[in-house]
Amino acid sequence: MYTMMLNKLLRAVLIIFLISIVIFFAVRMAPGDPVMTVLGAIGNNPEKVELLRNQMGLNDPLFVQYFRWIGGVLRGDFGVSMISGKPVLEIIMSRIGASIELIIAAILIGLVIAVPIGIIASTRPGKLLDKICTTISILGMSTPVFLIGLLMITLFAVQWQWLPASGYVAWSEDAGMHVKLLIMPATALGIFEAAVFFRFVRNGMLDVMREPFMETARAKGLSPFAIFVKHGFRNTLLTFMTVLGLEIGILVSGTVIVEQVFSWTGIGWLVLNSVSTRDYTLLQGTVLFVSAAVVIINLLLNLLYAFLDPRVKTHGGRG
Amino acid sequence: MRSGLQLQRTRRRWRLNRIGGGVLVWISFVIIALYLLMALFPTWFYAYDPFAIDALSPLQAPSFKHIFGTDEYGRDIYSRIVDGARDTIFIGLGSAILAMIIGVPLGLIAGYSRGKADSVISLIVDGTLSFPSMLLAILVVSAWKPSAITLIVVIALVNFPRFTMIVRGNVLSLREREYVMAARLSGLSNSRIMFAEILPNCVTPIIVQASLLVGNAIVIETGLSYLGLGLQPPDPSWGGMLTSAQSYIYIAPWYSAAPGLAILLAVFAVNILGDYLSDKMDVRRRME
């Protein structure tokens, strides 16, 4: 058990390390080294540029620069933004709350849509209702999230004018507006996730249904609700955590786009904003921070899973 | 992480036969054929020159003259959709093929040699799969300037592990078969066994995965071009058209319909086809 945990921890650290290499060199090895180009554009005085380069250590070999960067990151120093001069970590922290809020709201909306439908579809597999739900979920999975977003804006903001089209207002400024603005991006992302969640609830339920304890529940004469929800669904919850772990990466990708569609100024918006201002230190720092967070969340879910499922403990790990 | 492998596959498994999708499959075939023709021979489909600016009729609603209306420069939206098909389809196909070229040999090596090579490859695969692919794509494309080549390479890089995973899984079971033993005993080289004996038996899952990846690649490509990181104007791109549509959403709410539909149909058709192939070709599942 502990060897397995240690093993997983080690893998996670290695993965983050590999990602950091990719993030650093993918930018710095690009033709014309964008970091140098941007620096050149800031100060058009060649002497000043040379001074800046020396100050920032950009004249050292790339791998030296890499280790300086990653060394700083390990000490919690992600460098400073090339444009605003503020510490990268500080900028990330000011934006991350909005994204976490959006993702949690989206997961909840996805669950609210998917769980009841999934349970109902699984009670009569292969019947008309199941077929309709399944087809809709295929459509949901095929629809890029920005299309869902645009459709929602067209309907709810332009056509019926129920909700504001886009923007972000802090909770402390205007709580009502904050919630109104959150509804559409969270729902767009939630619908996208619901299609996937539906699959897992439905298929997970079908698997559980074959277990002997379900037979017992039926034989005891329990109500359908008790059979399907209490005995059935509760036993799909564990697998669900693994699903969530895998979905986190996809959710984050979706968030980046959804935040752009609805101008929700979270981390995804920050990433795209640093792309358009060509603020590469901010971009690299943010991408590394988010990727590491995703890997760590995955690791935690994995470990939690091992804790919660007694079978993993006794069999010494099957995750 | 083994459970992750299964889940990734379940995510893709749609069990079309259960939906009774015979008609859907035929419709998908027709849609894909039309898109391929549009990509290869766009001039057959043009109603107007997709680049012809008509300052007198910007943002016209759909009519018999312009079935999907005109954009902010008075260009015919339908013809621009036709012209945009080429980039999206070729980037989709190109990245799937490149992902196959990278991913399949890695999967063969990992599954066949096991040991150290396997651990290293599996680490890369796990890392790439847990990584939010959109972030990597945005980072690389913004640094390397968007071009067809950059897009193909980036999309292939975030997707190749799917091939590696599937091939590796297949090889692990195939390598214990008698015919592989026989090949080994008769003194064939390892690379010969991998490519000539084992690979042909992995073709089915590879083809299925390739078709699903084309759909995924279209989603990433149109997403990137929606974010302004796709191929640059004046070349029409479906995602880019959606961005313009969004800025005129109050004046011309129908603008986004055509590019949106173009993307949705392409992804849906490719996914349905991929699912159909996996059901048709998977012997084990046919017997279920």
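Along every chain, residues carry numbers that run from 1 in the direction the sequence is written. Whichever chain is written first is A, and whichever ligand is written first is 1; the rest continue in order. A pLDDT threshold of at least 70 governs which residues receive local features in this predicted model, and a stricter bar of 80 or more applies before side-chain atom pairs are shown or counted, although totals over entire chains, interfaces and linings include all residues.

1. Looking at the overall build of chain A
Heads up, the condition is: For the purposes of this entry, the term helix denotes a DSSP run of H or I that reaches at least four residues, the term strand denotes a run of E that reaches at least two, and both are numbered from the N terminus. Partly exposed residues are those whose C-beta has more than 12 but fewer than 20 other C-beta atoms within 10 Å; with 20 or more the residue is buried, with 12 or fewer it is exposed, and the C-beta atoms are placed from the backbone. C-beta atoms are first placed from the backbone for all residues, and any pair lying within 7 Å is then listed as a contact.
Looking only at helices and strands, chain A features 13 helices and zero strands. The secondary structure elements of chain A, listed N-terminal to C-terminal, are α-α-α-α-α-α-α-α-α-α-α-α-α. Reported as C-alpha extents along the three principal axes, the dimensions of chain A are approximately 85 × 60 × 35 Å. Within chain A, the proportion of its 319 residues that are buried is 38%. When contacts within chain A are restricted to residue pairs at least 6 apart in sequence, those whose partners lie at least 24 apart make up 69%.

2. A look at the confidence of the model for chain B
All names here are of chain B. Short version of the rule: pLDDT measures how confident the predictor is about each residue, on a scale from 0 to 100.
Looking at chain B, the pLDDT average stands at 81 and 90% of residues meet or exceed 70. Contacts from residues 7-19, a stretch scored under 50 in pLDDT, to residues over four places away or in other chains number 23 contacts. The model gives residues 284-288 a pLDDT under 50, and that stretch makes one contact with residues more than four places away or in other chains. As a predicted assembly, this complex carries a pTM of 0.84 together with an ipTM value of 0.83.

3. With respect to the environment of Leu 264 of chain B
Within the secondary structure layout, Leu 264 of chain B lies in helix H12 (residues 257-281). For Leu 264 of chain B, a count of 17 C-beta atoms within 10 Å gives the class partly exposed. Sequence spacing of Leu 264 of chain B and Leu 242 of chain B is 22 residues, and the spatial spacing of their C-alpha atoms is 12 Å. Contacts of Leu 264 of chain B, omitting those with residues within four sequence positions, involve Ser 142, Thr 143 and Leu 147 of chain A.

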